[in-house]
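Descriptive structure summary
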Amino acid sequence: MPSFLPWVLVFVAAVVCGALGFYLGEENRKRTAEAKLGSAEEEAKRIVNDAIKAAEQKRKETIIEAKDEAFKIKADADKEIKDRRSEISRQERRMDQKEEALDKRTAAMERKEEDLKKRTETVEARLDELEQLKLRETEKLETIAAMSQEDARAVLLKRVDDELTHEKAMKISAYQANMKDECDTIARELIGQAIARCAADATSEATVSVVPLPSDEMKGRIIGREGRNIRALETATGCDLIIDDTPEAITLSSFDQTRREVARMALERLIADGRIHPARIEETVDKCRRELEIQMKREGEKAVMDLGIHSLHPDLVKLIGRLKYRTSYGQNVLSHSMEVAWLAGLMAGELGVNVQMARRAGLLHDIGKALDHEIEGSHVQIGVDICKKYRENSQVIHAIEAHHGDVEPKTVLAFIIMAADAISAARPGARRENMESYIKRLETLEALCNGFEGVESSYAVQAGREVRILVQPDKVGDDQVILLARAVAKKIEDELDYPGQIKVSVIRESRATEYAK
C-alpha cells in the first residue's frame, strides 16, 4: 500500500497542472478572439461607410445623367413639335389655295352653265323656226310636185336602189372573181398535194357474202332435218342464208356487216368441222362473235398505231375497230376515217395547224357510225356524246360536230375536217347510191332552184355536181343574175345534204325575133 502513494501524488499533481494549463490557454484565446472581433467590427463599419459614400456618389451621377437625358428628349420633342407645326402651316396654306382655286372654278362653271342654258334656249328657238320653215317648204314642194312626201321618198329610194343594184352586182362579181382566183389556186395546190400524198384505194363493200361449199351435199346438211339447222343459224346470227341453184355456194345477206362476218366465220368453221346441229351452231356462233370482238380491237389498235395517235381511250379504240365492219354508201367507214385522218394531217401541216390533232379528229369524225344502229340520233350527235364521255379535246369534239354543217365551224381544224371528209366521199368510185335515192336527190335540187322568182327551168347535170338555171330575161336583169346565183347557192347549203360541192350556173339569154313576110 505505501508503495503506491507516490504514484498517486504524481498523478494528482499532473492533473492539477493540466487543468491550470488548460485554463490559462482558454483565457489567452478569449482575449485574442475579443481583440480580433473588435478589429473586424471596425473594418465592417469602415466598409459600410465607404459603400454609403460610393452609393451616394453614384446616385448623384445617375441623377445628373437622367437630367441630361431628359433635357435632350425635351429638346428633340420641341424640335419635332416645331417641325410638325411648320408642316401643318404649309398644309393649311395649300388647302386655302386649293379652296380659292375651287371657288374660282365653281364660279366659272356656274357662268358657263348660265351661258350654255342661254345658248340652248337660242338653239331650241332656231330649231323650232327651222322646223316650221321645213314644213312650209315641204307643203310648197308637195303642191308643186303634186305628190306626197311618202311618195317622193319611195320614188327616190327606188331610183337609188336601181342605181346601187348595178354597182353592188359589179363589186360582188369583182370581189368574188378575185377571191375565187386566189382561194382556188391555194386550195387546189393544198388539196392536190394532200390527195397525191394520200393514195387510198376506192373499194366498194357489198351487202352479201358468198361462202364456198366443198360439195352440193353440204347444202342439205346445212339446211338440216325440216330446216332446223338453217333456222338456228339465221336466229343466232341475224343473217339471211340464201341457198339457191348456185353450185357449191351459199349466200349470206344482212345490212349489218358485223353480223354477216360472224355468220361467215361460223359457217366456214361448221363446214370444216362437219358437225352441224343447233347446239354446235350456237356454240360456234358465240365463239366467232368473241373472236370478232378481239379482231375489231386489233384493227382499231392497228389504225391508231398507223396514224401515230397516242393516249386514246381503249373503248374508243374498240369502236374504231368496229368501223371496219360498217359501210356508208358502199364505202368502208374505217378506210374512209383513216383516209380523212391522213388528208387532214397533210392539209394541217401545210396550214401550220397541229397535225396530230387533225389526224385524231379525222379518225374520230365518224365514230358515231359504230353505234348508230344501237343508239337513237344522228351519227354526228352520237359521236359528239361519245367523245365528251371519254373527255376528248374540245377542238376535236367541235370538228366532229361541224363536219356535216350541223353547227357553224369556228376553228381551222373544223374546216380541215370538213374538206377532208368531202374529198374522201366525193372521189370517183368512193361511194355508190341506189338509183331511187339518186333520182330523188336530183329532183329535190331542181325543185329548190325552180322555187325562185324569175326561174324558167333548171337542170341538174354531172351527177348532181352542177345545176344550170335558165331565167326569164324580162323578169331577171343582168345585174340580178349574180345575186340570184348567190341566193340559190346559199339555199342549197342551208337545206340540202350532199357530198362535195355543187356548182350553180345561172343563164340569161337575150333573144331578138323577127318574121320575114
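See the structure above.
Here we summarise the structure given alongside this text. Since this is a predicted model, take the numbers as computed values, not measurements.

1. Brief notes about the overall build of the protein chain
For the protein chain, the count of helices and strands is 14 helices and eight strands. Across the 517 residues that make up the protein chain, the buried fraction comes to 28%. Across the protein chain, every contact between residues at least 6 apart in sequence was considered, and the portion connecting residues at least 24 apart equals 61%. Taken as a whole, the protein chain presents about 35,600 Å² of accessible surface, with 54% of it coming from carbon and sulfur.

2. Considering helix α8 (residues 333–351)
Taking 1.5 Å per residue, 19 residues should reach 27 Å; α8 reaches 26 Å between its end C-alpha atoms and fits that length. By the criterion of burial, α8 is predominantly enclosed, with 14 of the 19 residues buried. Of the residues that open α8, the one with a side-chain oxygen 3.0 Å from the backbone nitrogen of leucine 334 is asparagine 332.

3. Let's talk about the sheet that holds strand β7 (residues 466–471)
Ordered in space as β6-β7-β8, the three strands form an open sheet in which the pairing is mixed. Looking at strand neighbours, the two that pair on one side only are β6 (455–461) and β8 (503–507), the edges of this open sheet. For this sheet, the mean inter-axis angle between neighbouring strands, taken without regard to orientation, is 20°. Direction of pairing for β7 relative to β8: parallel, over a ladder of five bridges. Within β8, the residue paired with arginine 468 across the bridge is serine 505. On the sheet, helix α14 (residues 478–495) packs against β6, β7 and β8 and is oriented at approximately 150° with respect to β8.

4. Some thoughts on helix α7 (residues 314–322)
The complete set of buried residues in α7 reads Leu316, Val317, Leu319, Ile320 and Gly321. On its buried side, α7 packs onto α6 (278–307), α8, α9 (355–364) and α10 (379–389).

5. Regarding the environment of glutamate 167
Mapping glutamate 167 onto the fold places it in helix α2 (residues 149–197). Separated by 312 residues in the primary sequence, glutamate 167 and aspartate 479 have C-alpha atoms spaced 8.6 Å apart.

6. Regarding unusual backbone geometry
Of note in this structure, glutamate 226 is not a glycine but carries a positive phi near 55°. As for its position among the elements, glutamate 226 is in the loop between α3 (217–223) and α4 (228–237). Phi is positive for serine 311, close to 50°, though the residue is something other than glycine. With respect to the helices and strands, the residue serine 311 is situated in the loop between α6 and α7.

7. A few points about the side chain of asparagine 229
By the element assignment, asparagine 229 lies in helix α4. Classification of asparagine 229 as buried rests on a relative accessible area of 4%. Of note is the side chain of asparagine 229, whose polar atom sits 2.9 Å from the backbone oxygen of arginine 221. What asparagine 229 contacts, discounting residues up to four positions off in sequence, is Arg221, Ile222, Ile223, Gly224, Ile276, His277, Pro278 and Ile281.

8. Some remarks on the packing of α8 against α9
Between two packed helices, what matters for the description is the angle formed by their axes and the separation of those axes. In contact at an axis separation of 7 Å, α8 and α9 are set at 155° when each is read in the N-to-C sense. Accordingly, the angle class assigned to the pair α8 and α9 is roughly antiparallel. Here α8 and α9 pass one another in a crossing that is right-handed. On the side of α8, the interface is formed by Ser337, Met338, Val340, Ala341, Trp342, Ala344, Gly345, Ala348 and Gly349, while α9 contributes Val355, Ala358, Arg359, Gly362 and Leu363. Among the residues forming the contact of α8 with α9, the class breakdown is nine nonpolar, four polar and one charged.

9. Brief notes about the pairing of strand β3 (residues 249–253)
Here β3 lies mainly inside the structure; four of its five residues are buried. The sheet contact formed by strand β2 (residues 240–242) and β3 spans three bridges and is antiparallel. Bridged to isoleucine 242 within β3 is threonine 251.

10. Focus on the pattern of salt bridges
For the structure shown, the criterion picks out 19 salt bridges. Of the charged contacts in the structure, one is a salt bridge between arginine 46 and glutamate 43, with a shortest N-O distance of 2.0 Å. A residue pair is termed a helical-turn pair when its members lie 3 or 4 positions apart in one helix, as arginine 46 and glutamate 43 do in helix α1 (residues 5–145) at three residues. For arginine 46, a relative accessible area of 42% puts it in the partly exposed group. Two residues, glutamate 291 and arginine 269, come together in a salt bridge whose shortest N-O distance is 2.2 Å. Here the residue glutamate 291 occupies a position in helix α6, and arginine 269 occupies one in helix α5 (residues 257–273), the gap between them amounting to 22 residues. Classification of glutamate 291 as partly exposed rests on a relative accessible area of 27%. For arginine 269, a relative accessible area of 35% gives the class partly exposed. Connected through salt bridges with shared partners, the residues Asp273, Arg275, Arg280 and Glu283 form a single ionic network.

Parameters and conventions
- Residues numbered from 1 in each chain as written.
- Predicted model: local features only at pLDDT ≥ 70, side-chain atom pairs only at ≥ 80, totals over all residues.
- Heavy atoms only, no water.
- Helix = DSSP H or I, 4+ residues; strand = E, 2+ residues; numbered from the N terminus.
- Buried < 20%, exposed > 50% of the residue type's maximum accessible area, 1.4 Å probe, protein only.
- Contact = heavy atoms within 4.5 Å.
- Areas by Shrake-Rupley, 256 points an atom, 1.4 Å probe, with all protein chains shown as cover.
- Expected span 1.5 Å × (residues − 1).
- Polar contact = N/O pair within 3.5 Å; in protein donor to acceptor, adjacent residues only side chain to side chain.
- Pairing = 2+ DSSP bridges.
- Axes fitted to C-alpha atoms, helices over the stretch in contact; angles between N-to-C directions.
- Parallel < 35°, antiparallel > 145°, perpendicular 65-115°, else oblique.
- Left-handed = near helix turned anticlockwise from the far one by under 90°.
- Nonpolar A, V, L, I, M, F, W, Y, C, P; charged D, E, K, R; others polar.
- Salt bridge = Lys/Arg side-chain N within 4 Å of Asp/Glu carboxyl O.

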